[in-house]
Structures are given as structure tokens and as C-alpha cells.
Amino acid sequence: MPELAFSRRAAVRGLGAAGLLAALTGCGVPAAYVPEGRREGRDRSGRDRSVSFSNWPLYIDTDDENESRRPTLEAFSRETGIEVRYSEEINDNDEFFGKVSSALMNRQETGHDLVVVSDWMAARFVHLGWAQKMDRSAQANVATYLDPQLRSPAFDEGRLHTVPWQSGITGIAYNRKALGREIKSVKDLWQPDLAGKVTLFSGLDESFSLLMQGDGVDVTRWTESDFHRMCDRVESMVKKNHIRRFTGNDYTSDLSKGDVLACQAYSGDAIQLRADNPDIEFVVPEEGAELWAESLLVPNLAPHKANAEALIDFYYAPEVAAELAASVNYVCPVPAAREVLAASEYKETAELAENPLIFPDGEMRKRLAVSRDISSAERTAFAKRWNSIIGL
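Model, not experiment: these values are computed from the prediction.

## Focus on the overall build of the protein chain
Then comes step 1: Broken down by element type, the protein chain carries 16 helices and ten strands.
Then comes step 2: Its C-alpha atoms give the protein chain a radius of gyration of 21 Å, within 12% of the compact-globule value 21 Å for 392 residues.
Then comes step 3: When its C-alpha atoms are laid out on the principal axes, the protein chain stretches across 65 × 60 × 35 Å.
Then comes step 4: For the protein chain, the proportion of its 392 residues judged to be buried stands at 57%.
Then comes step 5: For the protein chain, the proportion of contacts with a sequence separation of at least 24, taken over those separated by at least 6, is 79%.
Then comes step 6: Accessible surface, the protein chain: about 16000 Å² in total, of which carbon and sulfur atoms supply 48%.
Then comes step 7: One finds the centroid of the 45 positive side-chain charges in the protein chain at a distance of 5 Å from the centroid of its 60 negative side-chain charges.

As C-alpha cells, then:
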């Protein structure tokens, strides 16, 4: 299970890549966009049986006795003869965007065949034309097993350029015993008994959807007025000192120590938090919660595109997806993996199949939505408003 010291969703601060993107798309640099027909390079997959795969730390299965070994990657290489050059170099979405943007703008190879970024960042790659269209005819597992709820986000309709690696839910975690009541709604965060005992995420992309849902907004098609109404509410709570602070992934420490009683939280963290303290609950609010993903994409001119596509499809085999889900404990984008885990001879593994934070049940899914992303035209002004509220 990933350590709580790190979270992919929390790894973003300030304008960063948003400012760069705004500059590219709004300040006279239209050449940054690469048309579909100019994204593929000369694919060397046939004669060079290798693939370069860049991921986040602590986001893949490891061997219990040797953490440097990654069983699913080793199984892929045995099955296909393709060597995987795996690196855990993505520590921040903005930072990674900065690393590769110059090469992509100048129609050069990035040195990456396959990368994992948060979907809001994947949206930027797609909108700039920096992610290649995948060959779904060579990806039977993806076509068959990809979670229907993740198949067609607004930024990449039909998932032509991206495929979810893992998914998750942004909801509310709280200490049921210490609070002395249940939390069922986002509105419950604003009750007087939680004054000074609430934290929210500092990252705009991480926080806005759940807060809008608390106002009854359909986040698949939210508007500018919805955004500012949400900001008005949060700003009023800041002025009342109701919100203790805005956090990254350090919210887990605040909740564990009792410094806060309720907070925005990620489902993947909640499993470990509850294992450490059974009084901590995770709730998908009545108004709904955000279903998000970190996604795989193949950057332009990647020299091993076919090998990258084969690796993606390998992870969509239910048996492989189950092995990965059992290790990382995020929402599995392959619902069929649930049956694999349920059939395990090991009790703890089989129980994972019944965990709604890994395999959301039908009732929970009714309250989950994939939010539309913040467009490049909106981002600079929205980030300025949000950052002024949280003190950046």
C-alpha cells in the first residue's frame, strides 16, 4: 500500500504549468498545438523490444521481500520479450510538464514512451495535441474492461489519447468518535461544532469539484458563476476562521493527530487511515463526489508507441489489474478485477473485492461524477481567485 507521505492528487501548487499553458494558447503561440497527423514518429518497437515508462513513486506493485522488484512489470517482460525501463520520476504534474514542454513545442522526442499524469494535466496534453491517439485495435483488454464511468471524459471523448492507470474519489474523512455525529453532506462541514477543525485541499484542481457538488452543481457542466459562488462560500468560511488551513497530503497527519475532525480526503488514503484508526470514516456525500483518475498517455514522437500500447493493454487484463489494485488500493479502473480478487484463497485479498473504495458499488456510483476540467481560457483567472483565498 502506498505510504501516506505522498499523494499524486496533492502534488500541485500555484499557477505553474497553468501559467505556461495560458502563455502558449493565449499569447500568440498557436504553433504550440500539434495536429493529429504530425504526432507520430518512426516507431522502433519491432526492432527495439523496449519501452520507457515514467510513473509516480509508490504507485505500482512491489515484491514483499524485495521492493525494487515489480512483479507485474516482470511478468509483462516474460510474456512479451519487451524490456521495461521503469522510472519513478514524476513527483509533480507542473514540474513534469515543465520538463517535457520545450521538446514537445519544438517537435522533439521527450525520451518518454509512456507517462502517468493526473487527468487535469492529461487534459492539457490532449488540448495542445501533445498526446498520440492510441491504436485500440491492438488493445482488446482496454476496449473490453475499461470502467464505463471513465470511458469518455470531457477532455478526451472516447478515451482516444489516454487510458486510466488508477482512479480515486475525493470525499470527506472525519473522526466519527471525536466529532460525535455523522457527516453525510458537504454542508455538514460548515456546522458550528467544526469551527477551526476543518481542512480543505489547497490545489484548485483537487478541491473545487467536491465543493461545487456541495452546492448542488452538476460538475460535468459547471459554469463560471458556479465557480465564483463556491469561492464566495469558502472565502466567508476563511474570514470566520472556520477553516483551520489548506493542505496538501499532510491532511492525513492533521486528522490522525486530532488537530482536525473533518477534511477533504482521497479514497486511497482513507483505507490506510482507517486501518490505523477505526474511528476515522470516509464518506461520499449525499450531493456527490468527484471520481478522478491518473492516466497513461503516449507523448508525441515516442519511439516505442506499439510497445507502450502493449504495456497498457497488459494492465487491463483483469488478473493483472487485480494484482495492481491489491497493492496500491486505489479505485480499480477494471471492474472485472473484482471477481479475481474475490476468488483469492487469502482472506485479506478476497476482502478487498468488497471494499467500495476500490470497487464502488452501484449505490455509490450514482453519487460519483467525472468533473469537466478547467479550460485554459478559465484557468489563470480562476487560479488567481482561488490562490487569493488560500493565501498564495
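## Here's the deal with empty space enclosed by the protein
Then comes step 1: Scanning all chains against the criterion turns up six cavities of 30 Å³ or more.
Then comes step 2: What the largest cavity holds in volume is close to 180 Å³.
Then comes step 3: Residue lining of the largest cavity: 18 residues in total, with D119, W120, E290, S371 and D373 positioned closest to the centre.
Then comes step 4: Of all elements in the fold, only α4 (119-128), α7 (204-213) and β9 (289-297) reach the threshold of two or more residues within the lining of the largest cavity.
Then comes step 5: With four residues, β9 is the single largest residue contributor to the lining of the largest cavity.
Then comes step 6: Residue composition of the lining of the largest cavity, grouped by class: eleven nonpolar, one polar and six charged.

## Here we look at the environment of A293
Then comes step 1: Among the secondary structure elements, A293 is positioned in strand β9.
Then comes step 2: In contact with A293, not counting residues within four places along its chain, are S118, D119, R159, P164, Q166 and S167.

## Section: the packing of aromatic side chains
Then comes step 1: This structure, assessed with the given rule, holds 19 aromatic pairs.
Then comes step 2: With 5.6 Å between their ring centres and 90 degrees between their planes, F314 and Y315 make a pair best called edge-to-face. Each member of the pair, F314 as well as Y315, carries the same accessibility label: buried.
Then comes step 3: Among the aromatic residues, ring-to-ring pairing joins F53, F76, Y86, W165, F314 and Y315 into one connected group.
Then comes step 4: Taking the ring centre of W222 as reference, the NZ or CZ of R372 above it sits at 3.7 Å.

## Comments concerning the packing of α7 against helix α8 (residues 224-239)
Then comes step 1: α8 packs onto α7 with a crossing angle of 95 degrees between their chain directions and a minimal axis gap of 10 Å. Compared by their axis directions, α7 and α8 come out roughly perpendicular. In this structure, α7 contributes L204, F208, L211 and M212 to the contact, and α8 contributes D226, F227, M230 and V234.
Then comes step 2: Grouping the constituent residues of the contact of α7 with α8 by class yields seven nonpolar, no polar and one charged.

## A word on the environment of P35
Then comes step 1: Of note, P35 is situated in the loop between α1 (17-26) and β1 (50-54).
Then comes step 2: Judged by relative accessible area, which is 34%, P35 ranks as partly exposed.
Then comes step 3: For the pair P35 and G180, spaced 145 residues apart in the sequence, the C-alpha separation amounts to 56 Å.

## Quick notes on helix α10 (residues 267-276)
Then comes step 1: Three or more residues of α10 are buried, namely S267, G268, D269, A270, I271 and L273.
Then comes step 2: Buried residues in α10 make contact with β4 (162-175), α9 (251-257), β7 (262-266) and β8 (280-283).

## Focus on unusual backbone geometry
Then comes step 1: At L58, a position not held by glycine, the phi torsion is positive, near 60 degrees.
Then comes step 2: Tracing the sequence through the fold places L58 in the loop between β1 and α2 (71-80).
Then comes step 3: Residue classification places L58 among the partly exposed residues on the basis of a relative accessible area of 35%.
Then comes step 4: For N241, which is not glycine, the phi dihedral falls at a positive 60 degrees.
Then comes step 5: Looking at the secondary structure, you find N241 in the loop between α8 and β6 (243-247).

## Notes on the nonpolar core
Then comes step 1: Judged by nonpolar contacts, the single largest core of 120 residues is most densely connected at F53 and F125.
Then comes step 2: Per element, the largest residue contribution to this core is seven residues, and it comes from α4.
Then comes step 3: Not counting residues up to four positions away in its chain, the partners in contact with F53 are L73, V84, R85, Y86, S87, L114, V116, W165, L296 and L311.

## Thoughts on the packing of α2 against helix α11 (residues 305-315)
Then comes step 1: Where α2 meets α11, the axes come as close as 11 Å, and the angle between the chain directions of the two elements is 120 degrees. In terms of their interaxial angle, α2 and α11 are classed as oblique. Crossing angle aside, the handedness with which α2 passes α11 is right-handed. Here T72, L73, A75, F76 and E79 of α2 come into contact with α11, specifically with N307, A310, L311, F314 and Y315.
Then comes step 2: Among the residues making up the contact of α2 with α11, the classes are represented as seven nonpolar, two polar and one charged.

What counts, and where the lines are drawn
Residues numbered from 1 in each chain as written. Predicted model: local features only at pLDDT ≥ 70, side-chain atom pairs only at ≥ 80, totals over all residues. Heavy atoms only, no water. Helix = DSSP H or I, 4+ residues; strand = E, 2+ residues; numbered from the N terminus. Rg over C-alpha atoms; globule rule 2.2 N^0.38 Å. Buried < 20%, exposed > 50% of the residue type's maximum accessible area, 1.4 Å probe, protein only. Contact = heavy atoms within 4.5 Å. Areas by Shrake-Rupley, 256 points an atom, 1.4 Å probe, with all protein chains shown as cover. Lys, Arg positive; Asp, Glu negative; His and termini not counted. Charge placed at Lys NZ, Arg CZ, Asp CG, Glu CD. 1 Å grid on protein atoms, 1.4 Å probe; cavity = no way out; pocket = protein on both sides within 12 Å on 5 of 7 lines; lining within 4 Å. Points joined across faces, edges and corners; volume = space filled by probe spheres on them. Nonpolar A, V, L, I, M, F, W, Y, C, P; charged D, E, K, R; others polar. Phe/Tyr/Trp six-rings, centres within 6.5 Å; stacked < 30°, edge-to-face > 60°. Lys NZ or Arg CZ within 6 Å of the ring centre and 35° of its normal. Axes fitted to C-alpha atoms, helices over the stretch in contact; angles between N-to-C directions. Parallel < 35°, antiparallel > 145°, perpendicular 65-115°, else oblique. Core = buried A, V, L, I, M, F, W, Y, C linked by side-chain atoms within 4.5 Å. Left-handed = near helix turned anticlockwise from the far one by under 90°.

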